[in-house]
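So you can see what is in the structure, the chains are spelled out below.
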Amino acid sequence: MSLRHAVLGMLDEAPASGYDLLKRFEQAMSNVWAATQSQLYGELGKLEKAGLIRVLAEGPRGRKEYEITEDGRVELRHWLVEVKPNRSPRNEVLLRVYFLGSVSPEKAKEFIEYMGENSRQREERLTELEASIDWGDDNEAQYGRLVLEWGKRFSAMSREWSEWAVKQIE
């Protein structure tokens, strides 16, 4: 996945400013894809230059509201259904777990307990986020709920695995 396609997907739902998109990344997309302000604004410029989005309106202090173009929709749909996902198995956390034999069992357990606590906190944040959202019945709400549920289940699985793994070291 790329930031390009995340932005195109959000703009396919509705026009938005860079600020609005950044807030959506922080709230709704944080479980899926992170983006910094500089990355987002840089990508908006690239997308506009490529003709995949255009400025719909300009406001005070240089605020621009963007909308997706037809070429942008074609690119988004191509990526969604024709480009196979990169299923790279890279996972820095599990790479560290693989090499935990290089530290004492106590340190290994501490690391895995830390992983479990992070997973528990993430699960809690996602549950709170879910309760705070006024879910509609549009596509964004329907598929957003699917993504949020994946995040909750993945976090629960990671927490449960951490609890199991600590017992294996004991």
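Note that the coordinates shown come from a computational prediction; the quantities given were computed from them, not determined experimentally.

**Some details on a nonpolar patch on the surface**
Where nonpolar side chains cluster on the molecular surface, the patch consists of L95, Y98 and F99 and spans about 390 Å² of accessible area. For F99, the position within the fold is in the loop between α5 (92-98) and α6 (105-132). Classification of F99 as partly exposed rests on a relative accessible area of 47%.

**Observations concerning the sheet that holds strand β1 (residues 16-17)**
Pairing is antiparallel across the open sheet formed by three strands, whose spatial order is β1-β3-β2. Each of the sheet's edge strands pairs with one partner strand only, and the pair in question is β1 and β2 (53-58). With five bridges connecting them, β2 and strand β3 (residues 64-68) associate as antiparallel partners. Residue V55 lies in a different strand from β3, and its bridge partner there is Y66. Helix-sheet contacts for helix α1 (residues 3-13) involve β1, β2 and β3, and the interaxial angle to β3 is about 90°. Sitting on the sheet, helix α3 (residues 37-49) touches β2 and β3, and the angle it makes with β2 is about 110°.

**With respect to the nonpolar core**
Judged by nonpolar contacts, the single largest core of 20 residues is most densely connected at V7, L11, L21 and F25. Residue assignment for this core shows that the elements contributing at least two residues are α1, α2 (18-27), α3 and β3. Beyond its immediate chain neighbours, meaning those up to four positions away, L21 contacts V7, M10, L11, A16, L40 and L44.

**Points about the packing of aromatic side chains**
In this structure the tally under the stated criterion is two aromatic pairs. Here the aromatic rings of Y98 and F99 are separated by 5.2 Å at their centres, their planes lie at 90°, and the arrangement is edge-to-face. Pairing W150 with F154 gives two aromatic rings, centres 5.0 Å apart and planes at 10°, and the pair type is stacked. Of this pair, W150 and F154 both sit in helix α7 (residues 139-169), four residues apart, roughly one helical turn. Residue classification places F154 among the partly exposed residues on the basis of a relative accessible area of 33%.

**What about unusual backbone geometry?**
The residue R61 is not glycine, and still its phi comes out positive at about 55°. In this structure, R61 sits in the loop between β2 and β3. The class for R61 is exposed, based on a relative accessible area of 83%.

**Considering the pattern of salt bridges**
By the definition in use, this model includes 15 salt bridges. The partner of E117 in a salt bridge is R120, and the shortest N-O contact between them spans 2.5 Å. Of this pair, E117 and R120 are both found in helix α6, three residues apart, which corresponds to roughly one turn of the helix. A relative accessible area of 31% places E117 in the partly exposed class.

**As for the environment of D20**
Along the chain, D20 turns up in helix α2. Remark: the alpha-carbon pair of D20 and E65, spanning 45 residues in sequence, is separated by 8.9 Å.

**Topic: the pairing of β3**
Along any regular strand the residues' side chains alternate between the sheet's two faces. Direction of pairing for β1 relative to β3: antiparallel, over a ladder of two bridges. Residue A16 lies in a different strand from β3, and its bridge partner there is Y66.

**Describing the side chain of R24**
Examined against the element boundaries, R24 turns out to sit in helix α2. By relative accessible area, which is 18% here, R24 ends up buried. From its side chain, R24 meets the backbone oxygen of M10 in a polar contact 3.4 Å long. Beyond its immediate sequence surroundings of up to four residues, R24 is in contact with M10, E13, M29 and E140.

About the thresholds
Residues numbered from 1 in each chain as written. Predicted model: local features only at pLDDT ≥ 70, side-chain atom pairs only at ≥ 80, totals over all residues. Heavy atoms only, no water. Patch = residues over 30% accessible without salt bridge, like charges linked within 9 Å, V, L, I, M, F, W, Y side chains within 5 Å. Areas by Shrake-Rupley, 256 points an atom, 1.4 Å probe, with all protein chains shown as cover. Salt bridge = Lys/Arg side-chain N within 4 Å of Asp/Glu carboxyl O. Helix = DSSP H or I, 4+ residues; strand = E, 2+ residues; numbered from the N terminus. Buried < 20%, exposed > 50% of the residue type's maximum accessible area, 1.4 Å probe, protein only. Pairing = 2+ DSSP bridges. Contact = heavy atoms within 4.5 Å. Axes fitted to C-alpha atoms, helices over the stretch in contact; angles between N-to-C directions. Core = buried A, V, L, I, M, F, W, Y, C linked by side-chain atoms within 4.5 Å. Phe/Tyr/Trp six-rings, centres within 6.5 Å; stacked < 30°, edge-to-face > 60°. Polar contact = N/O pair within 3.5 Å; in protein donor to acceptor, adjacent residues only side chain to side chain.

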